[in-house]
Amino acid sequence: MNAIAHGIDLVECARLQVSIDRHGERFLNRIFTPGELAYCGSRKREIEHLAARFAAKEAVMKVLGTGWSGGIKWTDIDVSNDPAGRPAVKLTGKCSQKAAELGIDKVLISLTHTAGHAMASAIGCGKI
Ligand SMILES: CC(C)(COP(=O)(O)OP(=O)(O)OC[C@H]1O[C@@H](n2cnc3c(N)ncnc32)[C@H](O)[C@@H]1OP(=O)(O)O)[C@@H](O)C(=O)NCCC(=O)NCCS
């Protein structure tokens, strides 16, 4: 398995909170999957976890080298956590098609967050 592409992103928690306050449920459901919303909603500092997933989605878009065009949806990128808390990314729809075109079989992700900011790093791996 080789590293094919890398992407990072940094999100300001307060700015994401402004968007959520302004656009509410519609915004949340457009950006996050039900699993992501359930996980973040179960945590004490929900906004930090949401911001980390927002950063993860942007970081994955950098791995794929494409913008939010061509029918790619935010919810095509889903972040889940294993029982030890380790995050994993699942791609669906146009996102998984684009990854396949690039020879990417798997995307590794790492997240970190504080009250102010959340950051994600994503690495696309494949056999190429
Ligand atoms: C990984 C760990 C060191 C991070 O702690 P931290 O520096 O306080 O937290 P950060 O803000 O930098 O990072 C938090 C993110 O780390 C990631 N993370 C958590 N546990 C992780 C693990 N075991 N491996 C890799 N990443 C992990 C998560 O993505 C988390 O964000 P999320 O909850 O929004 O998904 C800490 O959570 C830890 O020690 N976890 C292991 C716990 C464990 O093994 N539990 C046993 C099972 S119950």
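Look up a bit, the structure's there.
One structure accompanies this document, and this report is about it.

Brief notes about the environment of Arg53
- With respect to the helices and strands, the residue Arg53 is situated in helix H3 (residues 46-64).
- Between the alpha carbons of Arg53 and Val11 there is a distance of 9.5 Å; along the sequence they are 42 residues apart.
- Those residues in contact with Arg53 that sit more than four places away from it in its chain are Phe32, Glu36, Tyr39, Cys40, Val79, Asn81 and Leu111.

Quick word on the nonpolar core
- With 36 residues, the main nonpolar core has Leu16, Phe54, Val60 and Leu91 as its most contacted residues.
- For this core, the elements supplying multiple residues, two or more each, are strand S1 (2-12), helix H1 (13-31), H3, strand S2 (77-81), strand S3 (87-91), helix H4 (93-101), strand S4 (106-113) and strand S5 (117-126).
- Here this core takes twelve residues from H3, the largest share from any one element.
- Excluding residues within four positions of it along the chain, Phe54 makes contact with Val11, Leu16, Phe27, Ile31, Phe32 and Trp74.

Focus: the packing of aromatic side chains
- As enumerated under the stated definition, the model contains one aromatic pair in all.
- Each ring, one from Phe54 and one from Trp74, has its centre 4.7 Å from the other, and the planes form 35°; the classification is tilted. With Phe54 in helix H3 and Trp74 in the loop between H3 and S2, this pair connects stretches of sequence that are 20 residues apart.
- For Phe54, a relative accessible area of 14% gives the class buried.

Re the sheet that holds S1
- The three strands lie next to each other as S1-S5-S4, forming an open sheet whose pairing is antiparallel. A strand with exactly one partner marks an edge of an open sheet, and here the two such strands are S1 and S4. On average, each strand axis in the sheet is tilted by 15° relative to the strand beside it, whichever way the strands run.
- Summarising the sheet, S4 and S5 pair through eight bridges and their orientation is antiparallel.

Conventions and cut-offs
Here, residues in each chain are numbered from 1, in the same order as that chain's written sequence. Only residues with pLDDT of at least 70 get local features here, since the model is predicted, and only at 80 or more are side-chain atom pairs given and counted; chain-wide, interface and lining totals rely on the full set of residues. Derived side-chain values reflect all non-hydrogen atoms in the structure, with water molecules and hydrogen atoms excluded from consideration. Numbering of helices and strands runs from the N terminus, with a helix taken as a DSSP run of H or I at least four residues long and a strand as a DSSP run of E at least two residues long. Any pair of residues with heavy atoms lying within 4.5 Å of one another is described as a contacting pair. What is meant by a nonpolar core is a set of buried Ala, Val, Leu, Ile, Met, Phe, Trp, Tyr and Cys residues, joined one to another through side-chain atoms within 4.5 Å. Classification of residues uses two cut-offs on accessible area relative to the type maximum, computed with a 1.4 Å probe and protein chains only: under 20% is buried, over 50% is exposed, and between them is partly exposed. Each pair of aromatic rings taken from Phe, Tyr and Trp, with Trp reduced to its six-membered ring, is defined by centres within 6.5 Å and is described as stacked if the planes are under 30 degrees apart, edge-to-face if over 60, and tilted in the remaining cases. Strands qualify as paired when DSSP identifies two bridges or more between them. For every element, the axis is a line fit to its C-alpha atoms; helices are fit only across the contacting stretch, and the angle between N-to-C directions ranges from 0 to 180 degrees.

So far we have only geometry, and geometry alone does not tell us how the molecule works.
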